[in-house]
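An overview of the molecular structure
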Amino acid sequence: MTTTDRSILHIHLHGLTPSDTHRYEQVLALLRDITPAVQALPPDAVVIDITGARRYFDQNTEGLAHLVRLRLTAHTGLHTTIGAGPNRGLAAMAAAVTPPGELRTIADDPAAIRAFLRPRPVGLLLGVGPATAKTLALHGLHTIGNLADVPLLTLQRLLGIALGRALHEAAHGHDPRPVLAEPTAQSISAEHRFPADELDPVEHHRALLTLTGHLGAILRADRKAASTVALIVRYADGSTTTRSRTLPEATAHTFLLTRTAYDLYATLSLQRARVRAISLRAQGLRAADEAPRQLTFDPDVDKLLAIEAVADRARNRYGDGAIKPASLAHAAR
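Below is a short write-up of the structure.

Definitions and cut-offs
- Residues numbered from 1 in each chain as written.
- Predicted model: local features only at pLDDT ≥ 70, side-chain atom pairs only at ≥ 80, totals over all residues.
- Heavy atoms only, no water.
- Pairing = 2+ DSSP bridges.
- Helix = DSSP H or I, 4+ residues; strand = E, 2+ residues; numbered from the N terminus.
- Axes fitted to C-alpha atoms, helices over the stretch in contact; angles between N-to-C directions.
- Contact = heavy atoms within 4.5 Å.
- Phe/Tyr/Trp six-rings, centres within 6.5 Å; stacked < 30°, edge-to-face > 60°.
- Buried < 20%, exposed > 50% of the residue type's maximum accessible area, 1.4 Å probe, protein only.
- Polar contact = N/O pair within 3.5 Å; in protein donor to acceptor, adjacent residues only side chain to side chain.
- Core = buried A, V, L, I, M, F, W, Y, C linked by side-chain atoms within 4.5 Å.
- Arc of directions from axis to C-beta.

What follows is about the sheet that holds strand β2 (residues 38-41). Within the open sheet, the five strands sit side by side as β2-β3-β1-β4-β5. Their pairing is mixed. Either end of the sheet is taken by a strand with one partner, and the two such strands are β2 and β5 (103-105). Strand-to-strand twist of the sheet, defined as the mean angle between neighbouring strand axes without regard to direction, takes the value 15°. Helix α4 (residues 88-96) rests against β1 (8-13), β2, β3 (45-49), β4 (80-85) and β5 of the sheet, and its axis sits at about 145° to β4.

What follows covers the packing of aromatic side chains. By convention here, two paired aromatic rings are described through the distance between centres and the angle between planes. Summed over the entire model, instances satisfying the criterion amount to one aromatic pair. Arranged with centres 5.1 Å apart and planes meeting at 80°, the rings of Tyr 56 and Phe 57 form a pair that is edge-to-face. Overall, Tyr 56 belongs to the exposed group, its relative accessible area being 69%.

This part covers the environment of Ser 279. Positionally, Ser 279 belongs in strand β9 (residues 275-283). Residue classification places Ser 279 among the buried positions, given a relative accessible area of 14%. Separated by 67 residues in the primary sequence, Ser 279 and Thr 212 place their C-alpha atoms 10.0 Å from one another. Discounting residues that sit within four places of it in the chain, Ser 279 has contacts with Ala 190, Glu 191, Leu 211, Ala 230, Leu 231 and Ile 232. Among the polar contacts made by the side chain of Ser 279, one reaches the side chain of Glu 191 at a distance of 3.3 Å.

Grouped together as the largest cluster of nonpolar side chains are 26 residues, with contacts concentrated most on Leu 208, Leu 219, Leu 231, Val 233, Ile 278, Leu 280 and Ala 282. Among the elements of the structure, β6 (187-198), α10 (201-222), β7 (224-235), α11 (254-268) and β9 are those that each provide at least two residues to this core. Each residue touching Leu 231, except ones within four places of it in the same chain, is listed here: Leu 208, Thr 241, Thr 242, Arg 243, Ala 261, Leu 264, Tyr 265, Leu 268, Ile 278, Ser 279 and Leu 280. Grouped together as the second largest cluster of nonpolar side chains are 25 residues, Leu 13, Tyr 24, Leu 30 and Ile 48 included.

Of all the residues in helix α5 (residues 110-117), the buried ones are Ile 113, Phe 116 and Leu 117. Along α5, the residues classed as buried sweep out an arc of 90° about the axis, all on the same side. Contact partners of the buried residues in α5: α4, β5, α7 (144-148) and α9 (161-171). In this structure Asp 109 caps α5, since a side-chain oxygen of it lies 3.2 Å from the backbone nitrogen of Ala 111.

Here β1 lies mainly inside the structure; five of its six residues are buried. Bridging between β1 and β3 involves five bridges; their strand directions are antiparallel. Opposite Leu 9, over in β3, you have Ile 48 as the bridge partner. As defined by bridge partners, β1 adjoins β4 across six bridges and the pair is classed as antiparallel. Its bridge partner being in β4, Ile 11 is matched across the sheet by Ile 82.

For Leu 209, the location among the structural elements is in helix α10. According to the relative accessible area criterion, Leu 209 is buried, its value standing at 13%. Spatially, the C-alpha atoms of Leu 209 and Thr 254 are 8.7 Å apart, while their sequence positions differ by 45 residues.

Time to look at unusual backbone geometry. The residue Asp 58 is not glycine, and still its phi comes out positive at about 55°. Relative to the assigned elements, Asp 58 resides in the loop between α2 (53-57) and α3 (61-76). On the basis of relative accessible area, Asp 58 is assigned to the exposed category, the value being 70%. One non-glycine residue, Ser 269, lies in positive phi territory at about 50°. Note on Ser 269: relative accessible area 51%, which makes it exposed.

Set out below in structure tokens:
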């Protein structure tokens, strides 16, 4: 195991929701006064690289983390949980196992890193979701230490080349990802206005399918993933209803966005409601590599993902109307 001289903080902001964009931007501005290396992980987390700031503030990693927490609380009233470590993965894991409002620092030392990682459950590693954890458990791999002891080639045969290598590196405390300082869009949205006030639920569902297809294509093209979907329905009298749902895993896949949009629509229990417009908003955007897809072993899901990839290539070459769901292939009303 090699160590580095980096100092990364993973900061969780308690009490923020996807709609608190102003307070979130205030947090980002305060952190940029400490270091320019600030990466947004909306809606309620931020990762910062304080390696260069330690000398400027004449503080070690833990001392500067306390200063960060004090400034955020004083200026925004937000309470934080902070994980500190020599790379992003370790800092994120430290934050995940730290009680709310506290700070945990993993020293930049091989023995300290091993002591922290080995007893932890494999589900703590980035890229291990329920399906992957189940696969590992079937082979007796319950802790990160168990995983670290498995040869790389064995792990790749079990999980695939890319995921196997990623988890092998993570289990040994390695994470080369930089903190990316470019601004991240908070949300994207799309709206469908009906030619006349629409009562038919079939047309409402067609509108939702059109919107999720549009948002999914934008997310995949921008290499972003959404962690929350919000549905806004505007009625004939001008009133609106809003529903939102945080996804189990951030995604850019149209069929998952559509499933969520349909579920949100169902919660409205609309009965002969005259709908003027429907909007969807994808919120809590993050880089796609922050939201790896978990193993599913579901052939139907794999088929949908393969079809989606083919459809994206066709649209890129022939235009947005090249491929569309059969339910949308009807004459415009």
